[in-house]
Each structure stands twice: as structure tokens, then as C-alpha cells.
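Listed here are the chains, written in short residue letters.
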Amino acid sequence: MLLRHLATVGLIFTTATAFAAVGDLDELRDSGNKNEWRLQKNDNRHNIKVYVKNEDGQAVRSFKVEALLEAPVETLARIQFDVENFTRWYFATMEAKMLKKISDREYIFYMVHDAPIGTPDRDVILKVTIDPITKKKPYVGLKFTALPDYLPVRPPYVRMLAEDYTVKWIPQDNNTKTKLESEGFIHPGGIAPSWAVNFAQGKGPYANMMGLRRMLFLPQYNDPKAPIMFTIREE
């Protein structure tokens, strides 16, 4: 999810001009009240809000994102489970592939994240657990947990130790829209300045929501007859 946007704003670690390129220095450093969410991005036009939080004992900030998407949960599921096409919309993703379908509610996949020149690219293995909609629970829950030891390290990539987050898809307006809520954190592994990771962590969730919005309109994800690889509703 990781550091590609730092390169696009001309990040050069050894010069002070890199800081000026991204604007407010406080957004790059580990600043802000501990254990309190603060609004970092409020896009009213696209109904996206991104929050960040500095937590005790954590060098890297946690993130939270809320969005209202103009599509039913089934469309989001088809996009989310189409792992090989993450490179089309998921922040700074160079490679993505399904590794194992454990059951109709669990799977493991692999991603490689782009990083700026001079910084090793990162890879990550994630296990996803799906909690379907039921009569008593009107939303789909997804839990993403990093499995850094699942595969041998692939040099020159640096293995991420965490890209852990949860997602809720909450149907709205008779399932014509979906409220998305997500919260989590990353640990990039290796050596990376916390202020740089925090900057990317603040940009990644918003970029993901904008990418997801673009994918919503593709016909292969909107076809109500198209299969969904995993269970999102209990009968």
C-alpha cells in the first residue's frame, strides 16, 4: 500500500527540499495527540473520509477510512476477491496473486508494493477471513492479517511484518449503495523512517477508495449473474 507516492513528490531523504515538496511537515512526522483519531482527508464530493491516529508504543500511525460507494456489496466482493487485478486499483501494487483458497470464507494472497528509488520494494502475504451477512448481523466483515513467514523471503523485496486491517461492507438504500468502514495499520519491515511510512499510510487508504470507485463501473463486476468466489451472505 506503500511508498510509491513519496517518489512522485520528489522525496530525497538527504535533502531538506524533500520536506517542502510535500507541504506540512507535521503530517510527515509522528505528531498529533496519542490515541485520538484526527481527520486527515475529507472528500465530500466522493464521500470519503480518512483518519489517522498516533498510538502509544507505535511508531507508525493507524488509519481509518469511511466511504459511501454507489454499488451493492456483491459488486465490492467481486472486485475484492479478484486479487490478480489489484494492480489496477490498489495503492502502489506491482504484483498480486491468490495463493490458497482455504474455504469459502478464508483465503491467502500475495502482493508486492512499489517503493521509491533507493528504497527496496515490499512484499506481503495476507490471510483474509470473511464474516458474511446474517439475519442478526447486517454487514460483511473482512479481516486481513499478515503472514510474514508463510513464504520464504524473495530478495530484493523486503517482507512486510504487518498490513493488518478490518473492513466492513454495510448495505445502504436496499443494497443499492454500500457504506465501507476500514481500520488498520502497517509495519513495512526493514528500515524505513516512520514519518515517511506515516505519510504513505495517510495517502494509501484514500487512493484505494478512489481506485475502488473506478472499478465499480466495470461490467464484469456489475453483472448480477457473475459468480462470487467466497460467501458473503448466509442463507
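Residues numbered from 1 in each chain as written. Predicted model: local features only at pLDDT ≥ 70, side-chain atom pairs only at ≥ 80, totals over all residues. Heavy atoms only, no water.

Asker: I'd like a rundown of the overall build of the protein chain, residues and numbers included.
Answerer: For the protein chain, the helix and strand inventory stands at six helices and ten strands. Residue burial in the protein chain is summarised as follows: out of 235 residues, 48% are buried. For the protein chain, the computed accessible surface area is about 11500 Å², with 52% contributed by carbon and sulfur atoms. (Helix = DSSP H or I, 4+ residues; strand = E, 2+ residues; numbered from the N terminus. Buried < 20%, exposed > 50% of the residue type's maximum accessible area, 1.4 Å probe, protein only. Areas by Shrake-Rupley, 256 points an atom, 1.4 Å probe, with all protein chains shown as cover.)

Asker: Which residues make up the environment of Arg122, and what values go with them?
Answerer: Here Arg122 shows up in strand β6 (residues 122–131). Spatially, the C-alpha atoms of Arg122 and Thr93 are 9.6 Å apart, while their sequence positions differ by 29 residues. A distance of 2.9 Å separates a polar atom in the side chain of Arg122 from the backbone oxygen of Pro120. Of note is the side chain of Arg122, whose polar atom sits 2.7 Å from the backbone oxygen of Gly189. (Polar contact = N/O pair within 3.5 Å; in protein donor to acceptor, adjacent residues only side chain to side chain.)

Asker: Mind laying out the confidence of the model for the protein chain, listing which residues take part and the relevant values?
Answerer: For the protein chain, per-residue confidence averages 86 on the pLDDT scale, and 82% of positions sit at 70 or higher. Confidence over residues 1–30 falls short of pLDDT 50; this stretch has 68 contacts with residues more than four positions distant or in other chains. (pLDDT = per-residue confidence, 0-100. Contact = heavy atoms within 4.5 Å.)

Asker: Describe the packing of aromatic side chains, and please don't skip the residues or the numbers.
Answerer: For any pair of aromatic rings, the description rests on two quantities: the centre-to-centre distance and the angle between the ring planes. Within the structure shown, the criterion is met by twelve aromatic pairs. Ring plane angle 35° and centroid distance 5.9 Å describe the contact between Tyr107 and Phe109, whose orientation is recorded as tilted. Take Tyr107 and Phe109: they sit in the same class, and that class is buried. Each ring, one from Phe144 and one from Tyr165, has its centre 4.2 Å from the other, and the planes form 10°; the classification is stacked. Taken together, the residues Phe144 in strand β7 (residues 140–146) and Tyr165 in strand β9 (residues 162–172) connect sequence positions 21 residues apart. Each member of the pair, Phe144 as well as Tyr165, is classed as buried. (Phe/Tyr/Trp six-rings, centres within 6.5 Å; stacked < 30°, edge-to-face > 60°.)

Asker: Account for unusual backbone geometry, with residues named and values stated.
Answerer: Glycine aside, negative phi is the norm for most residues, and most peptide bonds take the trans geometry. In this structure, Pro156 follows Pro155 across a cis peptide bond, with omega equal to 10°. Take Pro156: it is sitting in the loop between β7 and β8 (158–159). Phi angles above zero are rare outside glycine, and Asp173 is one such case at about 50°. Position of Asp173 among the secondary structure elements: in the loop between β9 and β10 (177–187). We classify Asp173 as partly exposed; its relative accessible area is 49%. In this model, Asn174 sits at a positive phi of 55°, which is unusual for a non-glycine residue. Considering the arrangement of structural elements, one finds Asn174 in the loop between β9 and β10. Judged by its relative accessible area of 80%, Asn174 falls in the exposed class.

Asker: Which residues make up the nonpolar core, and what values go with them?
Answerer: One finds Phe81, Phe109, Leu142, Trp169 and Leu180 to be the most contacted residues of the largest nonpolar core, which totals 46 residues. Here the element with the most residues in this core is helix α5 (residues 194–215); it accounts for six residues. In this view, Trp169 contacts Val73, Leu76, Ala77, Gln80, Phe81, Tyr139, Val140, Leu142, Thr178, Lys179, Leu180 and Ile232; residues no more than four positions away in its chain are not counted. Ile108, Tyr110, Val112 and Tyr157 belong to the second-largest nonpolar core, a separate cluster that totals five residues. (Core = buried A, V, L, I, M, F, W, Y, C linked by side-chain atoms within 4.5 Å.)

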